[in-house]
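# Architecture and fold: a report
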Amino acid sequence: MRILLTNDDGVHAEGIEHLAAALAELGEIVVVAPDREQSASGHALTLDRPLRMRPLREHWYAVDGTPSDCVHLGIRGLLRTTPPDLVVSGINLGLNLGDDVTYSGTVSATFEAHLHRLPAVAFSQEMEEGYSLQAAAAWARDFLAVLAGTALTPETLINVNFPATAALREMRLTRLGHRVYHQTVVEKVDPKGREYFWIAGTPEWIHENGTDHAALAAGYVSVTPLHLDLTDYPGLDRYAPLCEEFNHLHGDALVGVGRGNDGESRGQGSL
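Quick look at the structure, then. (Residues numbered from 1 in each chain as written. Predicted model: local features only at pLDDT ≥ 70, side-chain atom pairs only at ≥ 80, totals over all residues. Heavy atoms only, no water.)

## Digging into the packing of helix H2 (residues 67-78) against helix H3 (residues 105-115)
As a packed pair, H2 and H3 sit with axes 8 Å apart at the nearest point and diverge in direction by 30°. Classified by the angle their axes make, H2 and H3 are roughly parallel. Taken as a pair, H2 and H3 cross one another with a handedness that is right-handed. Where H2 abuts H3, its residues Pro-67, Ser-68, Val-71, His-72 and Ile-75 lie against Gly-105, Ser-108, Ala-109, Glu-112 and Ala-113. (Axes fitted to C-alpha atoms, helices over the stretch in contact; angles between N-to-C directions. Helix = DSSP H or I, 4+ residues; strand = E, 2+ residues; numbered from the N terminus. Parallel < 35°, antiparallel > 145°, perpendicular 65-115°, else oblique. Left-handed = near helix turned anticlockwise from the far one by under 90°. Contact = heavy atoms within 4.5 Å.)

## Observations regarding the pattern of salt bridges
Within this structure, the stated rule accounts for 12 salt bridges. For Arg-141, the salt bridge is made with Asp-142, and the minimal N-O distance between the two is 3.1 Å. Classification of Arg-141 by relative accessible area gives buried; the value is 18%. The class for Asp-142 is partly exposed, based on a relative accessible area of 41%. (Salt bridge = Lys/Arg side-chain N within 4 Å of Asp/Glu carboxyl O. Buried < 20%, exposed > 50% of the residue type's maximum accessible area, 1.4 Å probe, protein only.)

## Quick look at the pairing of strand E5 (residues 86-93)
As a general feature of sheets, a regular strand has side chains that alternate between the two faces. Where burial is concerned, most of E5 is hidden: 7 out of the 8 residues are buried. As paired strands, strand E1 (residues 2-6) and E5 are joined by 4 bridges and run parallel to one another. From the neighbouring strand, Leu-4 faces E5, where its bridge partner is Val-87. Relative to strand E6 (residues 120-125), E5 is paired through 5 bridges, and the arrangement is parallel. Paired with Val-88 across the strands is Val-121, a residue of E6. For the segment spanning E5, H3 and E6, crossover handedness is right-handed. (Pairing = 2+ DSSP bridges. Right-handed = clockwise from strand over helix to strand, strands pointing away.)

## Considerations on the side chain of Thr-224
Here Thr-224 is to be found in strand E11 (residues 221-225). Within the local environment of Thr-224, its side chain forms a polar contact with the side chain of Thr-174, the two groups lying 2.6 Å apart. The residues contacting Thr-224, other than those within four sequence positions of it, are Leu-157, Ile-158, Asn-159, Thr-174, Arg-175, Leu-176 and Asp-212. (Polar contact = N/O pair within 3.5 Å; in protein donor to acceptor, adjacent residues only side chain to side chain.)

## Brief notes about the packing of aromatic side chains
Tallied over the full model, the rule gives 4 aromatic pairs. When the ring of Phe-123 is compared with that of Phe-143, the centres are 6.5 Å apart and the planes differ by 90°; the resulting orientation is edge-to-face. Here Phe-143 lies in helix H4 (residues 133-150) and Phe-123 lies in strand E6, a separation of 20 residues in the sequence. For the ring pair Trp-139 and Phe-162, a centre distance of 5.5 Å and an interplane angle of 80° mean the geometry is edge-to-face. Residue Trp-139 is found in helix H4, and its partner Phe-162 is found in strand E7 (residues 157-162); the two are separated by 23 residues along the sequence. Look at Phe-162 and you get buried, because its relative accessible area is 0%. Within the aromatic cluster, the residues linked to one another by ring pairs are Phe-123, Trp-139, Phe-143 and Phe-162. (Phe/Tyr/Trp six-rings, centres within 6.5 Å; stacked < 30°, edge-to-face > 60°.)

## Regarding the sheet that holds E11
Remark on secondary structure: sheet strands pair via backbone hydrogen bonds, oriented parallel or antiparallel. The strand order across the open sheet formed by 9 strands is E3-E4-E2-E1-E5-E6-E7-E11-E8, and the pairing between neighbours is mixed. The sheet is open, and its two borders are formed by strand E3 (53-57) and strand E8 (171-173), each paired with just one other strand. In this sheet, neighbouring strand axes are inclined to one another by 20° on average, regardless of whether the strands run parallel or antiparallel. Across the face of the sheet, H2 comes into contact with E1, strand E2 (28-34), E3, strand E4 (60-63) and E5 while running at roughly 135° to E2. Where H3 meets the sheet, its contacts fall on E1, E5, E6 and E7, and the angle it forms with E6 comes to roughly 175°.

Shown next as structure tokens:
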């Protein structure tokens with residue numbers, strides 16, 4: 001198995017080193033990761049400047065871009081003739097739970113892989129007393145070995161979070177939790193008299209059974225299947241009356257826009 005490995009903590013981070021060493025037992029590991037920390041970069045692609053990919057050692061590359069850049073370059077550039085079987089991101093230093101997956105560079109790297117129809121898994125570690133990246137990497141290796149033998153498909157998109165304990169055993173299948181940010185903006189003035197701002201705030205989790213947060217709080221590894229179809233399917237029915245009313249009110253205005261009485265185009269384009 002060929003595994004493309006990335007992260008958002010940077011190519012020199014301890015988490016990716018442990019993960020690469022553990023996953024080497026499963027096959028060939030190719031590391032393409034940011035040359036510096038890219039935490040909270042979300043699913044950003046760099047389109048306004050060229051990207052540079054620098055080899056560090058055999059099968060290890062540093063990119064001056066985001067985690068999504070790294071996955072894109074890995075799949076469509078470096079490994080275009082020998083594509084990976086799996087994309088793995090992590091181990092992130094810090095959890096990626098609930099709504100925070102939309103901000104996470106770690107998880108967004110797997111989103112990019114998913115868009116290329118490749119299975120992908122993200123791993124994140126709670127940073128509290130008792131945590132062990134080595135234990136988390138060993139757990140990740142065993143999990144991916146089982147996954148590869150039973151349920152690895154192009155639709156695979158999984159977010160895994162480890163509690164801060166070296167005795168990692170049971171996992172729980174979970175859904176994304178939700179937390180409320182009591183957000184504030186802290187205004188400061190630098191020595192030259194210019195204003196600057198810090199986005200700060202205190203997050204508060206909504207406690208619900210079955211969520212990734214609840215599993216972590218109980219000491220379990222949370223495993224959350226994800227998908228990128230953001231369509232609000234009930235909303236298609238909910239907004240149907242709005243669609244009907246709008247089309248009824250504006251139907252006469254929309255019919256024949258840019259056309260003459262004979263129905264021929266008058267060059268203005270039509271809806």
